[in-house]
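What the coordinates show
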2 protein chains.
Amino acid sequence: MRCTISDIARIAKVSKATVSRVINNKSEGVSPETAQRIREIIEELGYRPNSLARSIANSRAKMLGLVIPDITNPFFPNLVRGIEDYANSCGYTVFLCNTDNNPEKEEQYLLSLIDKRVDGIILVSTTSQSCTLEQLNKYNIPFVLVDRPLTNEYIDLGVYANNYKGVYTAVEYLIGCGHRDIAFLGGTRKVITTTERFEGYRDALRDANIPLDKSLVKFGDYSIASGIAMMEKLIEEKAGFTAVMAGNDLIAIGAVKALRHHRIKVPDQCEIIGFDGIELTEIFDPAISTVVQPIYEIAIESAKLLIGKINGEITSSRKIIVEPTLVLRATTRNNKTQE
Amino acid sequence: MRCTISDIARIAKVSKATVSRVINNKSEGVSPETAQRIREIIEELGYRPNSLARSIANSRAKMLGLVIPDITNPFFPNLVRGIEDYANSCGYTVFLCNTDNNPEKEEQYLLSLIDKRVDGIILVSTTSQSCTLEQLNKYNIPFVLVDRPLTNEYIDLGVYANNYKGVYTAVEYLIGCGHRDIAFLGGTRKVITTTERFEGYRDALRDANIPLDKSLVKFGDYSIASGIAMMEKLIEEKAGFTAVMAGNDLIAIGAVKALRHHRIKVPDQCEIIGFDGIELTEIFDPAISTVVQPIYEIAIESAKLLIGKINGEITSSRKIIVEPTLVLRATTRNNKTQE
DNA sequence: ATTGTAAGAGTAACCGGTTTCGTTCAATAA
DNA sequence: TTATTGAACGAAACCGGTTACTCTTACAAT
């Protein structure tokens, strides 16, 4: 049966305090013999301290919350893995929450995490302004934002990719290849990263003195289906373009599929660059050229930040911007990686 | 600041018991006016009950453990999603644990879940016999096994795909198409599902009076790289085969890549069928014909089983076998789905 | 022999809730 | 008017741990 510290104490004929000391390896105050005896009893009975009880006693749960839109989105498994790995190595376990980009679900999950008194939260937020964050602040729960910045006064820890520069570099590359008619297929306008990426595109064109052609710019959402739809529309509208900057890899894949469906050769007739660098881009045939975010590194960095904050090692506000890398593969003609 | 039930009680000039009654909507014993007043104070102070404390008070954590090999493996996100969705709808949150197929990690995670006194565990196990399960049993923590059966006396709840029949049907289909030289590219022999799938292959050949050609059978692991390696070997050995049954979809994709690399046309010169039905099979070009496991359904079913057991609605042993479906796509010639 | 000190261990309060049981008091029945 | 009843609520024990504080006792120092 389930046994408690009292059971162990009773059997060992000592007090709960002594057993507790042994459990926590506080050697002071316990003779080696007593400690040994208690340890043997613990071993024999297979006793495991109730970590919930410990958590409430010393108000440290050793648990983290991880709130993301959807684990089914190929961008996130690696992020989750990285965070889980690092957290685990520090003795934390992590709660996974999928919000489906639904602000209500996000709110509900955050509250649930507050209720559990998690030590910290890593959040890829859907909403651009969550009032629950106020609550987090009130309950003194540290959190770090990943991928998507929020416009909120409480934010002080974050890890973001340099979306602007990533797209800027990619578009600059395309321009350098001689393209002037470059389409932009963006994701949902609801998230700020979409805007950042678009601005990278816009400014790269501007800096090359290429006027922005609005008919070459589409927005949808970050899915293959949307990529197909946007590209279909582009083709239908007979837009003249020779290259495409996609808002993410899924859109890029969708675009490739649509182009192929219309017998437009990639990269011969149209070069395409994606964004994110999910594994799929390597697997897909043709392998997608893309702006790679170091997802695992972002994950580790954010977990490190959070746990640093929890441990009081980080007190100031801190934003980490990671630089993405342009990786050229089979959807661009010159298949070598940029510096 | 963080406030507790005592704070609320003090401010409302009632006892903790009364506040507790209000929190739990136990209308008996509290006048509507008092309840209302307390609710207002709770609202105003943004008080949230500490669910850890509640958990230990009524020894129900409302938490589930989910132990899988690797969320990065495209098979698992959907499983995780399904389980999380169902659990969440029942008021449970879930801990995610990645074991990397490492028995030690699995052990460690299971212990950690025991320590947290989760109400139940869903386990895709690495080891074929885990002694920690004994511990689970001892602590009376219900668990359900998914995907991989264990040879252990404590197992009584499980959800598995009919691997044998899935492969049998697929191979039978290939034979029906006239193939006699069908290769089998299996995953790691460490998991029982590999054997089950192989046996489906073996028996389908046997029942068609086709002798088993050992040179057409390879084992590796469940990855694209392994699929490529096995296929390369097959080609190198100049094995004469006209169709391939892959141990899973990643192997199938690897095989397709290798074949394509050798300018062997799929499906014209070689038909291929995968297993699992991960999303990638639809995205990949050519779309992979595969034996689809209803992953989301498996997830829901296993969560349902677990929560049923937790609630005492399920008392007997129960194994659910889900039947996979053969879905024909672009790696087989006759692109229509079998019944 | 007396005092001082520190190691070993126990007592009890505490963490933040739930729940049983008992008390108070007003409304109703006799 | 008195007994009965039940609604409203409080006191206190409990869940399973941690920890500040106190008490013994043995041993060294004076």
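Predicted, not measured: the structure shown is a model, and the values here were computed from it.

1. A closer look at the overall build of chain A
- What chain A contains, in helices and strands, is 13 helices and 12 strands.
- Taken over C-alpha atoms, the radius of gyration comes to 26 Å for chain A, far larger than the 20 Å a tight globule of 339 residues would show.
- Along the three orthogonal principal directions, the C-alpha set of chain A runs to about 85 × 40 × 35 Å.
- Within chain A, contacts between residues separated by at least 24 positions form 68% of all contacts whose residues are at least 6 apart in sequence.
- Put simply, chain A shows about 14,400 Å² of open surface, and 48% of that area lies on carbon and sulfur atoms.

2. A closer look at the protein's contact with DNA strand D
- Close to DNA strand D lie 28 residues; Ile5 and Ser20 of chain A together with Ser15, Arg21 and Thr34 of chain B are nearest.
- In DNA strand D, atoms within 4 Å of the protein come 61% from sugar and phosphate.
- Residue asparagine 24 of chain A places a side-chain N or O atom 3.1 Å away from a phosphate oxygen belonging to DNA strand D.
- With respect to DNA strand D, the side chain of arginine 21 of chain B contributes an N or O atom lying 2.5 Å from a base oxygen.

3. Looking at the protein's contact with DNA strand C
- Not every one of the 29 residues close to DNA strand C is listed here, only the nearest: Arg21, Ser31 and Thr34 of chain A together with Ile5 and Ser20 of chain B.
- In the interface set of DNA strand C, defined as its atoms within 4 Å of the protein, sugar plus phosphate atoms amount to 61%.
- The backbone of serine 15 of chain A places a nitrogen or oxygen atom 2.7 Å from a phosphate oxygen of DNA strand C.
- Here arginine 21 of chain A contributes a side-chain N or O atom positioned 2.5 Å from a base oxygen of DNA strand C.
- Broken down by class, the residue content of the surface near DNA strand C amounts to 12 nonpolar, nine polar and eight charged.

4. A word on the relation of the copies chain A and chain B
- Superposing chain A onto chain B requires a rotation of 180° together with a translation of 0.1 Å along the rotation axis, leaving an RMSD of 0.1 Å. Taken together, the rotation and translation relating the two chain copies correspond to the operation of a two-fold axis. No C-alpha of chain A approaches the rotation axis more nearly than that of phenylalanine 95 of chain A, which lies at 2.3 Å.
- Taken together, the interface assignments show that 98% of the residues at the interface of chain A recur at the interface of chain B, consistent with an identical surface on both copies.

5. A word on the interface of chain A and chain B
- Taken together, the contacts link 59 residues of chain A with 58 residues of chain B.
- Taken together, the two surfaces of chain A and chain B that pack against each other cover about 5,200 Å², and 49% of this comes from carbon and sulfur.
- If you look at where chain A meets chain B, you find eight salt bridges.
- With a shortest N-O distance of 2.9 Å, aspartate 115 of chain A and arginine 48 of chain B are connected by a salt bridge.
- In this assembly, chain A and chain B are joined by 36 residue pairs in polar contact (both at pLDDT 80 or more).
- Only α4 (51-58), α5 (76-89), β2 (93-98), α6 (103-115), α7 (132-138), α11 (249-261) and α12 (280-283) of chain A provide two or more residues apiece to the side of chain A that touches chain B.

6. Some thoughts on the pattern of salt bridges
- Summed over the entire model, instances satisfying the criterion amount to 32 salt bridges over all chains.
- Among the salt bridges present, the one from aspartate 147 of chain A reaches arginine 148 of chain A, with a minimum N-O distance of 3.7 Å.
- The exposure class assigned to aspartate 147 of chain A is buried, which follows from its relative accessible area of 9%.
- Here aspartate 207 of chain B ties to arginine 206 of chain B by a salt bridge, and the two come within 2.9 Å at their closest N and O atoms.
- Connected through salt bridges with shared partners, the residues Asp70, Asp100 and Lys105 of chain A together with Arg81 and Asp85 of chain B form a single ionic network.

7. Let's talk about the sheet that holds strand β6 (residues 182-186) of chain A
All names here are of chain A.
- With respect to topology, six strands assemble into an open sheet ordered β7-β6-β8-β9-β10-β12, the strand pairing being mixed. Each of the sheet's edge strands pairs with one partner strand only, and the pair in question is β7 (217-219) and β12 (325-327). Along the sheet, successive strands turn relative to each other by an average axial angle of 20°, direction set aside.
- Of the pairings in the sheet, the one linking strand β10 (residues 290-292) to β12 comprises three bridges and is antiparallel in character. When the sheet's bridge partners are listed, valine 291 is paired in β12 with leucine 326.

8. What about the environment of proline 324 of chain A?
Residues and elements named next belong to chain A.
- By secondary structure assignment, the location of proline 324 is in the loop between β11 (318-322) and β12.
- Judged by relative accessible area, which is 15%, proline 324 ranks as buried.
- Placed 49 residues apart in sequence, proline 324 and phenylalanine 275 show a C-alpha to C-alpha distance of 9.1 Å.
- Discounting chain neighbours no more than four positions away, the residues touching proline 324 are Asn162, Gly166, Phe275, Val291, Val292 and Gln293.

9. Focus on the pairing of strand β8 (residues 243-246) of chain A
All names here are of chain A.
- Here β8 shows two buried faces, one formed by Ala243 and Met245 and the other by Val244 and Ala246.
- Bridge analysis of β6 against β8 gives four bridges, and the strand direction is parallel. Note that in β8 the partner of alanine 183 across the bridge is valine 244.
- As defined by bridge partners, β8 adjoins strand β9 (residues 271-276) across three bridges and the pair is classed as parallel. Its bridge partner lying in β9, methionine 245 is registered against isoleucine 273.
- Chirality of the crossover, the property in question, places the unit of β8, α11 and β9 among those that are right-handed.

10. Some points on the packing of aromatic side chains
- Across all of its chains, the model carries 15 aromatic pairs over all chains by this definition.
- Arranged with centres 4.0 Å apart and planes meeting at 25°, the rings of phenylalanine 95 of chain A and phenylalanine 95 of chain B form a pair that is stacked. Of this pair, phenylalanine 95 of chain A sits in strand β2 while phenylalanine 95 of chain B sits in strand β2 (residues 93-98), placing the two residues on different chains.
- An aromatic cluster of three or more residues is present, and its members are Phe184, Phe198, Tyr201 and Phe219 of chain A.
- Above the plane of the ring of phenylalanine 95 of chain B lies lysine 116 of chain B, whose end atom (NZ or CZ) is 5.4 Å from the centre.

11. Examining the packing of helix α2 (residues 16-23) of chain A against helix α3 (residues 32-45) of chain A
All names here are of chain A.
- Close contact between α2 and α3 brings their axes to 10 Å; oriented N to C, the two are set at 85°. Compared by their axis directions, α2 and α3 come out roughly perpendicular. Touching Thr18, Val19, Val22 and Ile23 of α2 are Thr34, Ala35, Ile38, Arg39 and Ile42, all from α3.
- For the contact of α2 with α3, a count of residues per class yields six nonpolar, two polar and one charged.

12. Considerations on the domain arrangement of chain A
- Domain annotation for chain A reports domain 1 (5-49), domain 2 (61-161 + 295-323) and domain 3 (163-293).
- Each of domain 1 of chain A and domain 3 of chain A has a C-alpha centre, and the two are 64 Å apart.

13. What to know about helix α6 (residues 103-115) of chain B
- If you check α6 of chain B, its first and last C-alpha atoms are 18 Å apart, about what 13 residues at 1.5 Å a residue would give, namely 18 Å.
- Buried residues of α6 of chain B: Glu106, Tyr109, Leu110, Leu111, Ser112, Leu113, Ile114 and Asp115 of chain B, and no others.

What counts, and at which threshold
Residues numbered from 1 in each chain as written. Chains lettered and ligands numbered in written order. Predicted model: local features only at pLDDT ≥ 70, side-chain atom pairs only at ≥ 80, totals over all residues. Heavy atoms only, no water. Helix = DSSP H or I, 4+ residues; strand = E, 2+ residues; numbered from the N terminus. Rg over C-alpha atoms; globule rule 2.2 N^0.38 Å. Contact = heavy atoms within 4.5 Å. Areas by Shrake-Rupley, 256 points an atom, 1.4 Å probe, with all protein chains shown as cover. Near = heavy atom within 4 Å. Polar contact = N/O pair within 3.5 Å; in protein donor to acceptor, adjacent residues only side chain to side chain. Nonpolar A, V, L, I, M, F, W, Y, C, P; charged D, E, K, R; others polar. Least-squares fit on C-alpha atoms with pLDDT ≥ 70 in both. Buried area = accessible area lost by both parts, 1.4 Å probe. Salt bridge = Lys/Arg side-chain N within 4 Å of Asp/Glu carboxyl O. Buried < 20%, exposed > 50% of the residue type's maximum accessible area, 1.4 Å probe, protein only. Pairing = 2+ DSSP bridges. Axes fitted to C-alpha atoms, helices over the stretch in contact; angles between N-to-C directions. Right-handed = clockwise from strand over helix to strand, strands pointing away. Phe/Tyr/Trp six-rings, centres within 6.5 Å; stacked < 30°, edge-to-face > 60°. Lys NZ or Arg CZ within 6 Å of the ring centre and 35° of its normal. Parallel < 35°, antiparallel > 145°, perpendicular 65-115°, else oblique. Domains from an automatic or database assignment. Expected span 1.5 Å × (residues − 1).

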